[in-house]
Amino acid sequence: FTSTAFAADNVVLGNIAIGQSTQDEVEQILADKNCSFNSVTDMITTDANCYNLPNLQSVTFGFLNDTNKLYGVDVKYTKDMDNAFNKYLSALKKKYGKPSKSRIPFVGNKHVEWRTKHLVVVLDEPHMSFEGIITYWDKQTYQSNLQHDKDTQKKNEQDLNDLI
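Below is a short write-up of the structure. No experiment lies behind these values; they were computed from the predicted model shown. (Residues numbered from 1 in each chain as written. Predicted model: local features only at pLDDT ≥ 70, side-chain atom pairs only at ≥ 80, totals over all residues. Heavy atoms only, no water.)

## Observations regarding the overall build of the chain
Threshold: Only DSSP runs of H or I with at least four residues qualify as helices, and only runs of E with at least two residues qualify as strands; both kinds are numbered from the N terminus onward. When accessible area is computed with a 1.4 Å probe and restricted to protein chains, residues below 20% of their type maximum are described as buried, those above 50% as exposed, and intermediate ones as partly exposed. A contact between two residues is defined here by any heavy atoms of the two lying within 4.5 Å. Only the protein chains shown count as cover for residues, and all accessible areas are computed by the Shrake-Rupley method using a 1.4 Å probe. Residues scored as positive are Lys and Arg, those scored as negative are Asp and Glu, and His as well as the terminal groups of each chain are ignored. Each charge is placed at NZ for Lys, CZ for Arg, CG for Asp and CD for Glu.
Scanning the chain from terminus to terminus reveals three helices and ten strands. Sequence-ordered secondary structure for the chain, helices as α and strands as β, is β-β-α-β-β-β-β-α-β-β-β-β-α. If one aligns the C-alpha atoms of the chain with their principal axes, the spans along those axes are about 60 × 40 × 30 Å. Counting across all 164 residues of the chain, residues that qualify as buried make up 37%. Within the chain, counting contacts between residues at least 6 apart in sequence, those at least 24 apart form 39% of the total. Surface summary for the chain: the accessible area is close to 9900 Å², and the carbon and sulfur share equals 51%. Taking the average place of the 18 positive charges on the side chains of the chain and the average place of its 21 negative ones, the gap between the two points comes to 10 Å.

The following block contains the structure:
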């Protein structure tokens, strides 16, 4: 069901296409892999046994209400001394090339971002956390959420100024 119009930059976890796959299609793919998963309206979560990824905790798929299309995937993993972050970073660089943003301090929050024609891919590992996350977003949904966040922040600042 993966369209050639999107090529491969929107395909994640083997054969799931962000911006195209529906919730029913993802459920069928997971069932065919004998994965255990929880499915609720607009979201599916799998456990660590579904994919053979370093220190995997879970994978969550998010779907748009109006179209039922997959808009994003979160891959959560446990931080470790074997450096899962570097394993994921290497694999993502291999697939998406040079990151568009990268902040990898020796100590502190790590953040690497790629932008492709159809996706925004973010690898985050907060310093004061036990887990890291890779987030794959449909580019259009990501831009909409960014604008919404900016508008909300602006409104909150105005509300604060009005209060003072």
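## Remarks on a nonpolar patch on the surface
Under the convention used in this document: Each patch is built from residues lacking any salt bridge and having more than 30% relative accessible area; the joining distance is 9 Å for like charges and 5 Å for nonpolar side chains (Val, Leu, Ile, Met, Phe, Trp, Tyr). When a carboxyl oxygen of Asp or Glu lies within 4 Å of a side-chain nitrogen of Lys or Arg, that pair is called a salt bridge.
On the surface, a cluster of nonpolar side chains totalling about 390 Å² of accessible area is made up of L160, L163 and I164. Along the chain, L160 turns up in helix α3 (residues 139-163). On the basis of relative accessible area, L160 is assigned to the partly exposed category, the value being 47%.

## Focus: the environment of I44
Summarising the element assignment, I44 is placed in strand β4 (residues 43-47). Judged by relative accessible area, I44 falls into the buried class, the value being 0%. I44 sits 82 residues away from P126 along the chain, and the two C-alpha atoms are 24 Å apart. The contact partners of I44, leaving out residues within four places of it in the chain, are Q23, V26, E27, L30, F37, N38, S39, V59, T60, F61 and F63.

## A look at the pairing of β4
The criterion, for reference: A pair of strands is labelled paired if DSSP reports no fewer than 2 bridges between them.
Of the two faces of β4, only the one carrying I44 and T46 is buried; M43, T45 and D47 on the other face are not. Relative to β4, strand β3 (residues 37-40) is paired through four bridges, and the arrangement is antiparallel. Counterpart to V40 in the pairing with β4 is M43. Hairpin geometry of β3 and β4 is characterised by an intervening segment of two residues between the two adjacent antiparallel strands and by a positive phi of about 70° at D42.

## Some thoughts on the state of the cysteines
Note on terminology: disulfide describes a covalent bond linking the sulfur atoms of two cysteines. As a reminder of what qualifies: Criterion for a disulfide: a pair of cysteine sulfur atoms at a distance within 2.5 Å.
Applying the stated rule across the entire model yields one disulfide. In this model C35 forms its disulfide with C50; the gap between the sulfur atoms is 1.9 Å. As the torsion about the S-S bond is roughly 80°, the C35-C50 disulfide counts as right-handed. With C35 in the loop between α1 (23-32) and β3 and C50 in the loop between β4 and β5 (56-63), this residue pair connects regions lying 15 residues apart in the sequence. According to the relative accessible area criterion, C35 is buried, its value standing at 10%.

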